[in-house]
Amino acid sequence: MANGLSLPDLGHPDRPELLREITASVTDRDPQLLECLAHHEGRECQSETGGKSPWMFIRRGRVGGRRPLVASHLPVTHKPTPAGSAQHKATKERVVETAARYGLDSEAEVPVADRQSVTDAVVTGPGRMRIGWEIQYHHISPSSVHHRSVNAVEHGITPLWVAKDRTASLIDRAPWARVDDMPWKDIADGKEMVIRSGYRHLEVWKCVPSSDRHCLASEGAGHCGAIHADWFVPALCVPEKKPVHIEDLVLQSATGESVPVYVSSRGNGRAGRHMWVPADERMQ
């Protein structure tokens, strides 16, 4: 009989690819897939006390001429502050509470992809559209954003990442939105949370001298006479459009009134922008 640790499922038939999952590079999986047993059970862990994180990875060790698999703690790359954790919790609760107010189904801390990751909140619309809200106020690698987003889509969930920093690494890696960095109590008390970026409107204009827009085809200040179109945040639309609040996006993303799109950058097929847009403007 084969030793369970030599099998692809490590003796767990319900997880046929378990060995591959836990040995994958941390950049290609959820960093919180493997948890220290002591941390999980609420006991003190010497490694964690010494500055390491409670999350782990699998590496090849050296014992004589053998290379056994060894579990090690990941370093702490960004330790959440109490204030940051409180902001995260307050935003998650605000999304769930907003969904309930609109009569939408919602659930917090939803396991995805056989528990490889946990989505902060999933809001389900009347057409069974599921939006997975990921409140990410701390650093996360772009590859982790991509991997978790792909997993979400494969399980019927449209990801919606929320950032508070202009330089957040998740920006344009998946559908996203940025809000202001505000105290957790303001978030919990319902203070206005405007989507500052990540949501855009389509603007179409004729490139003539009287236009308020510059020419997209010319590098200079000239006008080509053609019809141009581009996407702008509400504050930069002409005329300016009303701001979109987080409550608006909770409702509109779940009902399909607002949808995620990816727009390739001009002259560079490999780069582009992820954004939420009104569904009727996407069809224009």
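Here is a short report on the structure shown in this document. (Residues numbered from 1 in each chain as written. Predicted model: local features only at pLDDT ≥ 70, side-chain atom pairs only at ≥ 80, totals over all residues. Heavy atoms only, no water.)

### Let's talk about the pairing of strand 4 (residues 117-124)
And then number 1: With respect to burial, strand 4 is a largely interior element, seven of its eight residues being buried.
And then number 2: Direction of pairing for strand 3 (residues 105-112) relative to strand 4: antiparallel, over a ladder of seven bridges. Across the sheet, residue A108 finds its bridge partner in strand 4, namely A121.
And then number 3: For strand 4 and strand 5 (residues 130-135), the ladder comprises four bridges, and the chain directions are antiparallel. Bridging across to strand 5, V123 finds its partner in I131.
And then number 4: The hairpin formed by strand 4 and strand 5 contains five residues between the paired strands, and R128 there has a positive phi angle of roughly 70°. (Buried < 20%, exposed > 50% of the residue type's maximum accessible area, 1.4 Å probe, protein only. Helix = DSSP H or I, 4+ residues; strand = E, 2+ residues; numbered from the N terminus. Pairing = 2+ DSSP bridges.)

### Description of the sheet that holds strand 6 (residues 157-163)
And then number 1: Across the sheet, five strands lie side by side as 3-4-5-6-7; this open sheet has mixed pairing. Two strands close off the open sheet at either side, each with one partner strand: strand 3 and strand 7 (176-178). In this sheet, adjacent strand axes meet at a mean angle of 30° when their direction is disregarded.
And then number 2: Helix 5 (residues 142-154) rests against strand 3, strand 4, strand 5 and strand 6 of the sheet, and its axis sits at about 145° to strand 6. (Axes fitted to C-alpha atoms, helices over the stretch in contact; angles between N-to-C directions. Contact = heavy atoms within 4.5 Å.)

### Remarks on the nonpolar core
And then number 1: Residues W133, L160, I195 and L249 are the most contacted members of the largest nonpolar core, which totals 25 residues.
And then number 2: Every element with two or more residues in this core is listed here: helix 4 (82-101), strand 4, strand 5, strand 6 and helix 7 (246-255).
And then number 3: Excluding anything up to four places from it in sequence, I195 contacts A177, R178, V179, V244, H245, I246 and L249. (Core = buried A, V, L, I, M, F, W, Y, C linked by side-chain atoms within 4.5 Å.)

### What to know about the environment of H245
And then number 1: Tracing the chain through its elements places H245 in the loop between strand 9 (227-232) and helix 7.
And then number 2: The sequence separation of H245 and V179 amounts to 66 residues, and the corresponding C-alpha distance is 8.9 Å.
And then number 3: Among residues more than four places away in sequence, those in contact with H245 are E192, M193, V194 and I195.

### A closer look at empty space enclosed by the protein
And then number 1: If you walk through the whole model with that rule in mind, you get one cavity of 30 Å³ or more.
And then number 2: One number sums up the size of the largest cavity: a volume of about 30 Å³.
And then number 3: As for the largest cavity, its lining consists of T119, G132, E134, R148, S149, A152, I157, P159 and W161.
And then number 4: Going through the elements one at a time, strand 5, helix 5 and strand 6 are the ones with two or more residues in the lining of the largest cavity.
And then number 5: Among the residues forming the lining of the largest cavity, the class breakdown is four nonpolar, three polar and two charged. (1 Å grid on protein atoms, 1.4 Å probe; cavity = no way out; pocket = protein on both sides within 12 Å on 5 of 7 lines; lining within 4 Å. Points joined across faces, edges and corners; volume = space filled by probe spheres on them. Nonpolar A, V, L, I, M, F, W, Y, C, P; charged D, E, K, R; others polar.)

Taken by themselves, the reported measurements are silent on function.
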